[in-house]
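Residues per chain, in single letters:
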Amino acid sequence: MRADAYSDDGGKSDAAVVRDALGVGVAVGLSGFAFGVTSAGSGLTVLQTCALSLLVFTGASQFALVGALAGGGNPFTAAAGAFFLGVRNAFYGLRLSQLLALPRAVRPFAAQWVIDETTAVALAQPTRRSVRIGFTVTGLSLYVLWNLTTLLGALGAEAIGDTDAWGLDAAGPAVFLALLAPMVRTALERVVAGLAVVLGLGLLPVLPGGVPVLVAALAAPVALWADGRRRARTKTVGGRDAAEEKR
């Protein structure tokens, strides 16, 4: 839908938008506890852990970074993997900038909240007013709760001691998969996810920590190339069959 199709008339009530946005913000924000535990367990201090949530604020990238560091990966390689995961937010921003139509002075601050959840809530709204409310409430509630639970998780990990002994090292990957799983809907997306898993796990024993994640990113262009070839062959065969029928 075009951005100018959004008006201030009609659509859901403000209360309904706030309720939906808070539901997403609270549900996802609580997983910050798992990040805090995972980050502290990987060797980062409480201050470093909290700084990641305050400044980076994109769960998948944060989990990827601390996961690579925990596996003994080079910090630059780990940061590169986290960066590539976070690039998707730039594309979200291109779409949301049209729908939100915020003043220039506000845009740099709003950019901090451009993540999967705020984008999903905003795009589900029928009017510009509800888009702004959904984005703001989701972003604010998620940012506050994520950072609070990150702090609690990091402090809790220090109090617990060895997080591996409690099995909490699996918390990060589990939450990461829980965030990604609902996004894998089509057959092509399932192929990309499956190929990425094969590449990542297959190369884990032979490559330094963090590198398998970067290589697994090749699953997307490979799957898209294969799908394009398949579509081209199908179109060619279909064209030949149509030509033969005309004869």
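Structure's up top.
Residues numbered from 1 in each chain as written. Predicted model: local features only at pLDDT ≥ 70, side-chain atom pairs only at ≥ 80, totals over all residues. Heavy atoms only, no water.

**Notes on the nonpolar core**
One finds Phe57 and Phe135 to be the most contacted residues of the largest nonpolar core, which totals 26 residues. Residue contributions to this core peak at five residues, all from helix H9 (residues 128-160). Discounting chain neighbours no more than four positions away, the residues touching Phe135 are Leu96, Leu100, Ala110, Trp113, Val114, Thr118 and Ala122. With six residues, the next largest nonpolar core counts Val37, Ala40, Val46 and Ala157 among its residues. (Core = buried A, V, L, I, M, F, W, Y, C linked by side-chain atoms within 4.5 Å. Buried < 20%, exposed > 50% of the residue type's maximum accessible area, 1.4 Å probe, protein only. Helix = DSSP H or I, 4+ residues; strand = E, 2+ residues; numbered from the N terminus. Contact = heavy atoms within 4.5 Å.)

**Digging into the packing of aromatic side chains**
Per the counting criterion, the structure on display carries five aromatic pairs. Ring geometry for Phe57 and Tyr143: centres 4.8 Å apart, planes at 80 degrees, overall edge-to-face. In this pair, Phe57 sits in the loop between helix H3 (46-55) and helix H4 (59-70) while Tyr143 sits in helix H9, placing the two residues 86 residues apart along the sequence. Tyr143 carries the same exposure label as Phe57, and that label is buried. Ring geometry for Phe63 against Trp146: centres 6.5 Å apart, planes inclined by 90 degrees, an arrangement best described as edge-to-face. On the criterion of sequence distance, the pair formed by Phe63 in helix H4 and Trp146 in helix H9 is long-range, its members being 83 residues apart. Relative accessible area serves as the criterion here: at 3%, Trp146 is assigned to the buried category. (Phe/Tyr/Trp six-rings, centres within 6.5 Å; stacked < 30°, edge-to-face > 60°.)

**Here's the deal with the packing of H4 against helix H5 (residues 75-86)**
Two packed helices can be described by the angle between their axes and the distance between those axes. At a closest axis distance of 8 Å, the pairing of H4 and H5 adopts a crossing angle of 160 degrees. By the angle class used here, H4 and H5 are roughly antiparallel. Considering the relative orientation of H4 and H5, their crossing is right-handed. Across the interface between the two elements, Ala60, Ser61, Ala64, Leu65, Ala68 and Leu69 from H4 touch Pro75, Ala78, Ala79, Ala82, Leu85 and Gly86 from H5. Of the residues belonging to the contact of H4 with H5, the class tally is 10 nonpolar, two polar and no charged. (Axes fitted to C-alpha atoms, helices over the stretch in contact; angles between N-to-C directions. Parallel < 35°, antiparallel > 145°, perpendicular 65-115°, else oblique. Left-handed = near helix turned anticlockwise from the far one by under 90°. Nonpolar A, V, L, I, M, F, W, Y, C, P; charged D, E, K, R; others polar.)

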